[in-house]
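# Overview (structure and organization)
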Amino acid sequence: MSVISVLPEFHEFTGMETREAPPAHLLVKIQSFSLFEKYQIEKYETEEFAAGEYKWKLIIYPNGDHNVGKDRDYVSVYLAMVDTCSQPVEVNAVFSIFLFNHISGKYLSSLGRTRHFLGTKSKWGFSKFISKESLTDPSNGYVVGDNSCVFGAEVFVVKKETITQFVYSRNVDIPYKRDWIIPNYSKIEQFWESEEFCAGGGKWTIRLYPKGREIGGGTHVSIILRYLGYGEVKACFTVRMKDQVFDNEYEKSYKDFVFRSSSKVGEQFNFIEIATMNDPKKGFIVNDSCLLQLEISSLKDSVECIIM
């Protein structure tokens, strides 16, 4: 036995709108609406109609739905999925119920509601869609001639294509510090790259281009920090070139820089001038080796997206 789920009731057109366009999926003209009450017909079910690969029907209670409450002064209208018992399905749908106004030529419509249709809960609607007094008064335009009226329905199935974002804040103060001795500096043809290392739960590598790369090509040594994880991570870090003679250092620091998977830090292309790096008096290269240091002080806010 299916259960009728009732949406919050209207208070005579509250939560309703009017529009000129007819409903997309169903129009049903009821001749002599007053005969329902005369012959004590409790409910009327429309023929099935298709929308969003499913079958539906309207159920109209001309004298109110007595299963819900004392609604004899109202017309109750529900949208129902058809044959959900033999083939159980779970559907989210946005639907509206319509009533045509013959005077204005427009449709009175319930604002689109998104509801979950499943098994025994396969009907959603309104126990007080419109009062019988408002419906049957010819001056309102909903009935004409022999008390005929036109109801309608529009159903749009919500497909499960939601993109779900899992957002968490690392806010990890590591700090992570690592030193590399880079040998045979003068023999590096294009770039030197470290092995993969872990910091803050993610994998990284760092590259050094002795002759520069792109923006810094020809004038500056390029150093690029690369994030090999998934999603995004925001990091504060410092890259240093150690002076092996006078125990000084050259460094550049970055705050809250956003890394994406396999991203490159463009701001670090111009890390240090090639002439300065190669000057023996500066002490950065000793015995054709240099000492590179990386410090990552914190990681924040990583976002990963999964399509559901």
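Overview of the structure. (Residues numbered from 1 in each chain as written. Predicted model: local features only at pLDDT ≥ 70, side-chain atom pairs only at ≥ 80, totals over all residues. Heavy atoms only, no water.)

### Focus on the overall build of the chain
This is how it is decided: Secondary structure elements are taken from DSSP: a helix is a run of H or I of four residues or more, a strand is a run of E of two residues or more, and numbering for both begins at the N terminus. Three labels apply to residues, based on accessible area from a 1.4 Å probe with only protein chains included: buried if under 20% of the type maximum, exposed if over 50%, partly exposed otherwise in between. In what follows, residue pairs with any heavy atoms lying within 4.5 Å of each other are defined as contacts. Surface accessibility in these figures is a Shrake-Rupley result with a 1.4 Å probe; residues are shielded only by whichever protein chains are displayed.
What the chain contains, in helices and strands, is 3 helices and 22 strands. The 308 residues of the chain split such that 44% are buried. Long-range pairs, those at least 24 residues apart, make up 67% of the contacts in the chain with a sequence separation of at least 6. Split by element, the accessible area of the chain, about 16,500 Å² in all, is 50% carbon and sulfur.

### Points about the pattern of salt bridges
To be explicit about the condition: The salt bridge definition used is simple: a Lys or Arg side-chain nitrogen within 4 Å of an Asp or Glu carboxyl oxygen.
Under the counting rule described, the total for this entry stands at 11 salt bridges. Notably, a salt bridge pairs Lys57 with Glu45, separated by 2.6 Å at the nearest N-O pair. Here the residue Lys57 occupies a position in strand E6 (residues 54–61), and Glu45 occupies one in strand E4 (residues 44–45), the gap between them amounting to 12 residues. Relative accessible area serves as the criterion here: at 32%, Glu45 is assigned to the partly exposed category. Each of Arg240, Lys242, Glu249, Glu251 and Glu295 takes part in salt bridges that share partners, so that together they form one network.

### Side note on the packing of aromatic side chains
Applicable threshold: Aromatic pairing here means that ring centres of Phe, Tyr or Trp (its six-membered ring) are within 6.5 Å. Orientation follows from the plane angle: under 30 degrees is stacked, over 60 is edge-to-face, and everything else is tilted. In this scheme, Lys NZ or Arg CZ marks a charge over a ring once it lies within 6 Å of the ring centre and within 35 degrees of the ring normal.
As enumerated under the stated definition, the model contains 20 aromatic pairs in all. Between Trp204 and Tyr227, the aromatic rings sit 4.9 Å apart at their centres with planes inclined by 50°, giving tilted as the arrangement. With Trp204 in strand E17 (residues 202–209) and Tyr227 in strand E18 (residues 220–227), this pair connects stretches of sequence that are 23 residues apart. Feature note: the residues Phe33, Phe36, Tyr44, Phe126, Phe129 and Phe151 constitute an aromatic cluster, connected by ring pairs. The ring of Phe191 has Arg207 sitting right over it, with the charged end atom 4.3 Å from the ring centre.

### What to know about unusual backbone geometry
Generally, phi is negative for residues other than glycine and the peptide bonds are trans, each holding for most cases. Backbone geometry places Asn184, a non-glycine residue, at a positive phi of 50°. Residue placement: Asn184 occurs in the loop between strand E14 (172–182) and strand E15 (192–193). Relative accessible area serves as the criterion here: at 43%, Asn184 is assigned to the partly exposed category. The phi dihedral of Asp247 is positive, around 60°, even though this residue is not glycine. Tracing the backbone shows Asp247 in the loop between strand E19 (232–242) and strand E20 (249–260).

### Some thoughts on the pairing of E18
Strand residues, when the strand is regular, have side chains that alternate between the two faces of the sheet. Let me state the cut-off plainly: Note: two strands are recorded as paired if DSSP finds a minimum of 2 bridges between them.
The element E18 is extensively covered by neighbouring structure, given that 8 of its 8 residues are classed as buried. Neither face of E18 is open: one carries His220, Ser222, Ile224 and Arg226, the other Val221, Ile223, Leu225 and Tyr227, and all of them are buried. Relative to E18, E17 is paired through 6 bridges, and the arrangement is antiparallel. Looking at the pairing, Leu208 lines up with Ile223 of E18. Bridge count for E18 against strand E21 (residues 272–273) is 2 bridges, and the pairing is antiparallel. Across the sheet, residue Val221 finds its bridge partner in E21, namely Ile272.

### Quick look at the side chain of Ser131
In plain terms, the rule: Throughout this description, a polar contact denotes any pair of N or O atoms lying within 3.5 Å of each other; where both atoms belong to protein, one of them has to be capable of donating a hydrogen while the other can accept it, and for residues adjacent in sequence the pair is counted only when both atoms sit in side chains.
Looking at the secondary structure, you find Ser131 in strand E11 (residues 123–131). Judged by relative accessible area, Ser131 falls into the buried class, the value being 10%. For Ser131, the side chain forms a polar contact with the side chain of Ser134, separated by 2.9 Å.

### So, the environment of Ile130
Along the polypeptide, Ile130 turns up in strand E11. Note on Ile130: relative accessible area 0%, which makes it buried. For the pair formed by Ile130 and Tyr74, sequence separation is 56 residues and the distance between their alpha carbons is 5.7 Å.

### Examining the pairing of strand E12 (residues 149–157)
The buried fraction of E12 amounts to 7 of the 9 residues, a majority that puts the element mostly inside the structure. Pairing geometry for strand E3 (residues 26–30) and E12, over 5 bridges, is antiparallel. Directly across from Leu27, in E12, lies its bridge partner Gly152. Here strand E8 (residues 90–101) runs beside E12; their pairing, made up of 7 bridges, is antiparallel. Paired with Phe98 across the bridge in E12 is Gly152.

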